[in-house]
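Structural overview
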Amino acid sequence: MSTDTGMWVSSAPLRVSLAGGGTDLPAYATRFGGVVLGAGTDLRVTVVGRRARRPGGIRVCLDSCSRAESPQELANPFAREAMLRHWDGTPLDLFSTGDVPGATGMGSSAAFCVALVAGLSTGPLDACSLARAASDIEIQGLGRPVGRQDHYLSALGGFRLLHFHRDGRVEVEDVTVPTGAARLLGEELLLFHTGISRDAGDILSDQAGGTERGAKDTTHRLHEIKELTEPLKDALVQGRSAEVGRLLGRHWELKRGLGARVSLPHVDRAYEDALAAGATGGKLLGAGGGGFLLLHVPLPHHDHVREVLTAHGMQEQPFAFDTRGAVLHTL
């Protein structure tokens, strides 16, 4: 954090997980190996750090504004753990903002950790090292039952196929989607906020528990969810956007069986109405239980689907795919 003015601005993208979500959780990946296909978006979390002129301490404006003499006193658990690991002790003012509400399935906590670690690091980190350090905050530091896909997709941006090996290694495969195909898919995918926020860790703990107990249905569903990554990658590369929608729908059918809290009755009704209005398929992002509903909708059906989901009280969130990963500027 050694800059001329003592100020830095970092940002990291929120992600869209398209297939394989859940197979990156340690309970599954360490036994079978996981694969996740996802992409970064132009929706981001931004963190601003400024060297303070007071004698010591940290002033943070995150969920609310407060002042602390040490990281242990910070109320935000992600900031607390990140500061314990990466803060050099220099008096600091810290601010953060995001383009969507937190706890809504787009990896906002991971994007925050990625952006914060990028700003706090005393030397440059490559994207994969940044992702590993950020994911360690949640997994090792906070003991959350989450995987590493969000952190890697946020640090890297773009379309990526992530391979989670049983020994803990993460292998990154770039997915080259033609510009025209990516643009069309971005136009045809619609994102709606269900109005519900939830803690992904609570929902993912159900899935992890089923995997650890050897529940055959949970394991079978995760195997098939993992198998969807290759055909969905092929559909992306070949520009078959309607096939993307169908595969998203199959993913959602499988995912809903992973736990009682993954979906909600009114979300199921809204989804069925969206299909009747012309959507080819879709799913709740992240762990489920609320957050954002991603739908593939051919352009002629956009108005009808928007009308239907507005009637269900869901608000559209515009977005686009973005190749930029984490970005740091010093001032």
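For the structure itself, look to the data block above.
Residues numbered from 1 in each chain as written. Predicted model: local features only at pLDDT ≥ 70, side-chain atom pairs only at ≥ 80, totals over all residues. Heavy atoms only, no water.

Moving on: the overall build of the chain. Scanning the chain from terminus to terminus reveals twelve helices and twelve strands. For the chain, whose C-alpha radius of gyration is 20 Å, the value lies close to the compact-globule estimate of 20 Å for 331 residues. C-alpha atoms of the chain, sized along the principal axes, occupy 60 × 45 × 35 Å. A total of 331 residues make up the chain; the buried ones form 57% of that total. The long-range fraction of contacts in the chain, counting pairs at least 24 apart against all pairs at least 6 apart in sequence, stands at 76%. Looking at the chain as shown, the accessible area adds up to about 13,400 Å², and 50% of this sits on carbon and sulfur atoms. Of note, the chain has its 34 positive side-chain charges centred 3 Å away from the centre of its 38 negative side-chain charges. (Helix = DSSP H or I, 4+ residues; strand = E, 2+ residues; numbered from the N terminus. Rg over C-alpha atoms; globule rule 2.2 N^0.38 Å. Buried < 20%, exposed > 50% of the residue type's maximum accessible area, 1.4 Å probe, protein only. Contact = heavy atoms within 4.5 Å. Areas by Shrake-Rupley, 256 points an atom, 1.4 Å probe, with all protein chains shown as cover. Lys, Arg positive; Asp, Glu negative; His and termini not counted. Charge placed at Lys NZ, Arg CZ, Asp CG, Glu CD.)

What follows is about the pattern of salt bridges. Applying the stated criterion across every chain yields a total of 18 salt bridges. A salt bridge links R148 to D136, with the shortest nitrogen-to-oxygen separation between them at 3.0 Å. Of the two residues, R148 sits in the loop between α4 (127-141) and α5 (149-156) while D136 sits in helix α4, which places them twelve residues apart along the sequence. Taking relative accessible area as the criterion, D136 reaches 13% and is therefore assigned buried. In this structure, the salt-bridge partner of R144 is E138, at a minimum N-O distance of 2.9 Å. The pair R144 / E138 is uniform in exposure class, with both members buried. Sharing partners across several salt bridges, the network here consists of R50, R54 and D93. (Salt bridge = Lys/Arg side-chain N within 4 Å of Asp/Glu carboxyl O.)

Here the focus is the environment of G119. Examined against the element boundaries, G119 turns out to sit in helix α3 (residues 108-120). Looking at G119, the relative accessible area reads 4%, which means it is buried. Taking the C-alpha atoms as reference points, G119 and M7, separated by 112 residues in sequence, lie 9.3 Å from one another.

Glancing now at helix α6 (residues 179-188). By the burial criterion, the buried members of α6 are A181, A182, L185, G186 and E188. Viewed along the axis of α6, the buried residues span an arc of 165 degrees, placing them on a single side of the element. Residues of α6 that are buried make contact with β6 (159-164), β8 (189-193), α9 (229-237), α10 (241-255), β10 (292-296) and α12 (302-311). (Arc of directions from axis to C-beta.)

For the rest of this paragraph, the subject is the side chain of K255. Relative to the assigned elements, K255 resides in helix α10. No salt bridge is formed by the buried K255; the nearest opposite charge belongs to D24, separated by 9.6 Å. A distance of 3.2 Å separates a polar side-chain atom of K255 from the backbone oxygen of L284. If sequence neighbours within four positions are ignored, K255 has contacts with I225, V262, K283, L284, L285, G286, A287 and G288. (Polar contact = N/O pair within 3.5 Å; in protein donor to acceptor, adjacent residues only side chain to side chain.)

With that settled, consider the state of the cysteines. Going through the model one piece at a time under the given rule, you end up with one disulfide. Among the cysteines around C113, which has no disulfide bond, C128 carries the closest sulfur, lying 17 Å off. C128 sits in the partly exposed class, given a relative accessible area of 30%. (Disulfide = S-S within 2.5 Å.)

Let's shift gears to the packing of α3 against α5. Helix-helix packing: each pair is described by the crossing angle between the helix axes and the interaxial distance. Where α3 contacts α5, the two axes come as close as 8 Å, and the packing angle between them is 55 degrees. Accordingly, the angle class assigned to the pair α3 and α5 is oblique. Like other packed secondary-structure pairs, α3 and α5 cross with a definite hand, here right-handed. Contacts between α3 and α5 involve A110, A111 and V114 on the former and, on the latter, D150, H151, S154 and A155. Here the residues of the contact of α3 with α5 sort into four nonpolar, two polar and one charged. (Axes fitted to C-alpha atoms, helices over the stretch in contact; angles between N-to-C directions. Parallel < 35°, antiparallel > 145°, perpendicular 65-115°, else oblique. Left-handed = near helix turned anticlockwise from the far one by under 90°. Nonpolar A, V, L, I, M, F, W, Y, C, P; charged D, E, K, R; others polar.)

Turning next to the environment of S129. Within the element layout of this structure, S129 appears in helix α4. Remark: the alpha-carbon pair of S129 and A155, spanning 26 residues in sequence, is separated by 9.1 Å.

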